[in-house]
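Geometric and topological summary
Okay, here's what each chain looks like letter by letter:
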Amino acid sequence: MADLADLVSRLEAVTVRLEKCAAGGGGKASAADDDDDFDTVEAITEFKAVMDKADEVLKASENLPSDVHEISKLLKVVCEKNKEFLRVSVRAKACLPADAPVVMKPMNDAITQIGEYRDKNRASRQFNHLSAVSEAIPAFGWVCVAPRPLDYMAEMIGASDFYINRILKDFKDTPGHKEWCQKIKQMFSTLKEYVANNHKKGVTWNPNGGDAKEVAAKIYGGGAAPKAPAAPRAPPSAPAPPPPPPAGAKPKGAAAPATSNLFAEINKGADITKGLKKVTDAQKTHKNPELRGSSVVTEAALNKNKKAAAPAKKAAEPAKKPPKLQLVGKKWSCEYQSGVQDIVIDAQVTQSLYVFKCDNSVITVKGKINSITLDNCKKCGIIVDSLVASMDIVNSQSVKLQVNDKAPIVNIDKTDGCQVFVQKATGLDTEFVTAKSSEVNICLVEENGEYAESFVAEQFLTKYVDGKFVTELYEVVG
């Protein structure tokens, strides 16, 4: 029914245009009518589905925290700017590379605002919501990609899946968050479908259209294209130089070069060496032993005229921030700890722990805690009795995790060197999610304290099989 209604609306638009042409004596419709007709082409009308999905995202965010609602409004703005750009593309020829920054500036600015809003609210409890939008929003940059924008979009949209999964896990008992995540995925899927149907090999321009820069100025601002800045005025002319001296005149005070004596010496031929002083054997070092002792060059003499090399300037070290361990509301914060091996936290089931930029430290969490996040840490260890939600390890190096009871899920992202110890009696149900990480090992601990170590695969092989790409583990047989 929706396709039939769309077809009827397009037929009505064509009918109106034909009636206008007939009323004008069969001539061409006015320029204003032609401009309006551009908005009835499929490349514009089908984008309405994307706008509708953006409205659904905004509506789903109304009952969520304010920062989620705010970034949903910014997402709607990006969709609107994308539509304005498409209105330019159906009216104009392909823009020159030099004009692209001007033609795409409103949409680029709207995309940048989302990234800036996410960076300003890193302390927000809804930071995963902001990151889910911020990671996927570059998909709107498909307008700059040719001839395969769909591959680029798939990569950008897939980058947000990590944060969406964390939202679904952290807020599974809170109403509204799951629906918002579904609307986000539906909106970007609709955008990808729109590009596949209308711009599969890149933006489709109008080969008979006008200049892209001028059309963009009319669509965006309603005026003519901005003029190029005027060239700077030349500085006031300096006074004219004095006239050149007359030919043959010699400058005052300049003597004639004494080149005649030089050529006279050269013309002597072999006689030119007669004026040289003869060196006797007493003046030769290899024939007079007394001269050898005085001709030795000592290290002190070599360094006599050398200036002492200036010591290399050390790079300024970043200012060290004071260590912090405190409970704010239901969130423990452990930050900037260095070389502390006995940090103990008595946790409750409703609390969470955030560990940031700690080095060579060990943190023991007693009791059951909701979740733990280890961010940007080096050579740190976490010992926890039990977890309700998840353990997240991000941007860290050489870290260890020991779970004495249960942990439903362990997320490891952008980490080099991670060893996880889980109890064989209680930890077999733990799920491990890894991304962009290396040297990840999982150790199953027996009741007697011994453990068996297994590695997490890092290399994969992707092949085209039966009409699709299939990825499997890559095994190297030596």
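Structure first, text after, so check above.
We now turn to the structure provided with this report. In this text the structure is predicted, and so the values were computed from the model without any measurement. (Residues numbered from 1 in each chain as written. Predicted model: local features only at pLDDT ≥ 70, side-chain atom pairs only at ≥ 80, totals over all residues. Heavy atoms only, no water.)

**With respect to the sheet that holds strand β13 (residues 438-445)**
Just so we agree on the cut-off: Between any two strands, pairing holds if DSSP finds at least two bridges. Labels follow the DSSP assignment, with helices taken as runs of H or I lasting at least four residues and strands as runs of E lasting at least two, numbered in each case from the N terminus. Every angle, taken between N-to-C directions, lies between 0 and 180 degrees, and every axis is a line fitted to C-alpha atoms, over only the stretch in contact when it is a helix.
Here seven strands make up an open sheet; going across it, the order is β3-β5-β7-β9-β11-β13-β14 and the pairing mixed. Each edge of the open sheet carries a strand with a single partner, namely β3 (343-346) and β14 (451-455). Across the sheet, the axes of successive neighbouring strands diverge by a mean angle of 15°, strand direction being ignored. Pairing analysis gives four bridges linking strand β7 (residues 381-387) to strand β9 (residues 397-403), with the strands arranged parallel. Opposite G381, over in β9, you have K400 as the bridge partner.

**Description of unusual backbone geometry**
The cut-off we apply is this: Note on classification: 1.4 Å probe, protein chains only; a residue is buried when its accessible area is under 20% of the maximum for its type, exposed when over 50%, partly exposed between these limits.
A146 connects to P147 through a cis peptide bond whose omega is 5°. Tracing the backbone through its elements, the reader meets P147 in the loop between α8 (127-136) and α9 (149-158). Positive phi is not limited to glycine here, since K357 has a value of about 50°. Within the secondary structure layout, K357 lies in the loop between β4 (352-356) and β5 (362-369). We classify K357 as partly exposed; its relative accessible area is 41%. A positive phi angle, near 60°, is found at N376, a position not held by glycine. Assignment of secondary structure puts N376 in the loop between β6 (371-375) and β7.

**Description of the pattern of salt bridges**
Rules: The salt bridge criterion pairs a side-chain nitrogen of Lys or Arg with a carboxyl oxygen of Asp or Glu, the two atoms within 4 Å.
Applying the stated criterion across every chain yields a total of 18 salt bridges. Residue K169 pairs with D170 through a salt bridge whose shortest N-O separation is 2.9 Å. Take K169: its relative accessible area is 16%, and that puts it in the buried class. Look at D170 and you get partly exposed, because its relative accessible area is 32%. The closest approach of N and O atoms between K424 and E446, which form a salt bridge, is 3.3 Å. Here K424, found in the loop between β11 (416-423) and β12 (431-435), pairs with E446, found in the loop between β13 and β14; they are 22 residues apart in sequence, far enough to count as distant. Sharing partners across several salt bridges, the network here consists of R118, D119, R122 and E135.

Without other data, these values stay purely geometric and don't point to any function.
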